[in-house]
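# Descriptive analysis of the structure
Chain by chain, the residues:
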Amino acid sequence: MKPAPFRYHRARDTEGATRLLAELGDDAKVIAGGQSLVAMMNFRLARPAHLVDIGGLRELAGIRRDGDGTLHIGALTTHHAVETAPLDTLGPGYEVIREAMGWIGHLPIRTRGTAGGSIAHADSTAEWCLLAVVLGAELVATGPRGQRRIPAGEFFLGYYTNALDPDELLVEIVFPRPAPHAALTEFAERRGDFAIVAAAVDLDLHGPAVRGGRVALGGVASMPVRVPEAEAVLAGGGTFAECAAAAAAAVEPPGDANSSTQYRKQLIRTLVERACEEAASR
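Here is a short report on the structure shown in this document.

Thresholds applied
- All residue numbers here refer to positions counted from 1 along the written sequence of the relevant chain.
- In keeping with the predicted nature of the model, local features appear solely for residues at pLDDT of at least 70, side-chain atom pairs appear and are counted solely at 80 or more, and the whole-chain, interface and lining totals rest on all residues.
- Side-chain descriptors were evaluated using all non-hydrogen atoms of the structure, hydrogens and water having been removed beforehand.
- Type-normalised accessible area, obtained with a 1.4 Å probe on protein chains alone, sets the label of each residue: buried when under 20%, exposed when over 50%, and partly exposed for intermediate values.
- Under the DSSP-based scheme used, a helix requires at least four consecutive residues in state H or I and a strand at least two consecutive residues in state E, with every element numbered from the N terminus.
- Helix axes are fitted only over the stretch in contact, all axes being lines through C-alpha atoms; the angle between N-to-C directions runs from 0 to 180 degrees.
- By definition, any crossing whose near helix is turned counterclockwise from its far helix by less than a right angle is left-handed, and any crossing with a clockwise turn is right-handed.
- Residues are treated as being in contact if the distance between any of their heavy atoms lies within 4.5 Å.
- Each residue is assigned to one class: nonpolar for Ala, Val, Leu, Ile, Met, Phe, Trp, Tyr, Cys and Pro, charged for Asp, Glu, Lys and Arg, and polar for all the others, Gly among them.
- Here a polar contact is recorded for every N or O atom pair within 3.5 Å, except that within protein the pair must consist of a potential hydrogen donor and a potential acceptor, and residues adjacent in sequence are included only if both atoms are side-chain atoms.
- For two strands to be treated as a pair, DSSP must find at least two bridges joining them.

## What about helix H8 (residues 127-134)?
Burial within H8 is extensive, with eight of its eight residues counted as buried. Residues Glu127, Trp128, Cys129, Leu130, Leu131, Ala132, Val133 and Val134 constitute the buried set of H8. Remark: glycine 136 follows H8 within two positions and exhibits a positive phi of approximately 65°.

If you want it as structure tokens, here you go:
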């Protein structure tokens, strides 16, 4: 299929992009790698009247670390750039981010798709969205009123819906601290397909003892969600199997053509336990 008619605008800088968005209003969509938006436009699931292309804004790409370990990833950084970044670029404690890139589609998608585009698209099964939630990332947005930071827990509002204003642009993802004992895993019918369920954990370890941690799920609701019931099990000294069972009991995932609610619950149990084991073994 072909997309509905639209007007194309190419931004020359970040200020120009936000100015265009302010002028065009709700009828405009931002495009960078286009790996999600173009497909939706071709199926007429999205019909923007205007596309604002920010793909050439190289100032929005790149990876850097602060002295305190905070990691900054530019919105236009591709999945493949993160996947292949030198070890000292991401820094110790961020292995989970590099490894998660391998779950994203196929290589052609990873070479074009961007971190910011994936997060702004707000797909509940997307690896970047799940990483942002489980690692407590902040999303940096800029617009005519200046710059603001939005906690990941407040950024995702529902199916393909985020907290950006129509005239704002996502410019950076900030991970505030290393997560040396974190892991992400998922299940799809075929490698590269959208995950039916994805699970991520960030354990707080003291030697071999688990003192707590974060547990987040994708594909079980309209947005990626943390599961405090499963986190309470970890904080209380429960086993990984008990944590996984609590996660499955705490959510009521939808049934659809891909799987039933009960099947998704079983996947949650398997994937959360597996992610905990992987995280603890680091």
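From this point, things continue past the structure.
## Considerations on the packing of helix H11 (residues 240-250) against helix H12 (residues 261-280)
The N-to-C vectors of H11 and H12 enclose an angle of 145°; their axes lie 8 Å apart at closest approach. Both H11 and H12 take part in a crossing whose hand is right-handed. In this structure, H11 uses Phe240, Ala241, Cys243, Ala244, Ala245, Ala247, Ala248 and Ala249 to contact H12, whose residues at the interface are Lys265, Ile268, Arg269, Val272, Glu273, Cys276, Glu277 and Ala280. Partitioning the contact of H11 with H12 into residue classes produces twelve nonpolar, no polar and four charged.

## Here we look at the side chain of lysine 265
Note on placement: lysine 265 falls in helix H12. Take lysine 265: its relative accessible area is 13%, and that puts it in the buried class. A polar side-chain atom of lysine 265 sits 2.6 Å from the main-chain carbonyl oxygen of valine 251. When neighbours within four sequence positions are excluded, lysine 265 is seen to be in contact with Ala248, Ala249, Val251, Glu252 and Pro253.

## Focus: the sheet that holds strand S6 (residues 138-143)
Strands sit in the order S4-S5-S10-S6-S7 across an open sheet of five strands; the sheet is antiparallel. Edge positions in the sheet fall to strand S4 (63-65) and strand S7 (146-151), since each has one partner strand and no second. Averaged over all adjacent pairs, the angle separating strand axes in this sheet is 25°, with direction ignored. Where S4 lies against strand S5 (residues 71-74), three bridges are found, and the strand directions are antiparallel. Bridge pairing in S5 links arginine 64 to histidine 72. Packed on one face of the sheet, helix H1 (residues 14-24) meets S6 and strand S10 (169-175) and runs near 125° to S10.

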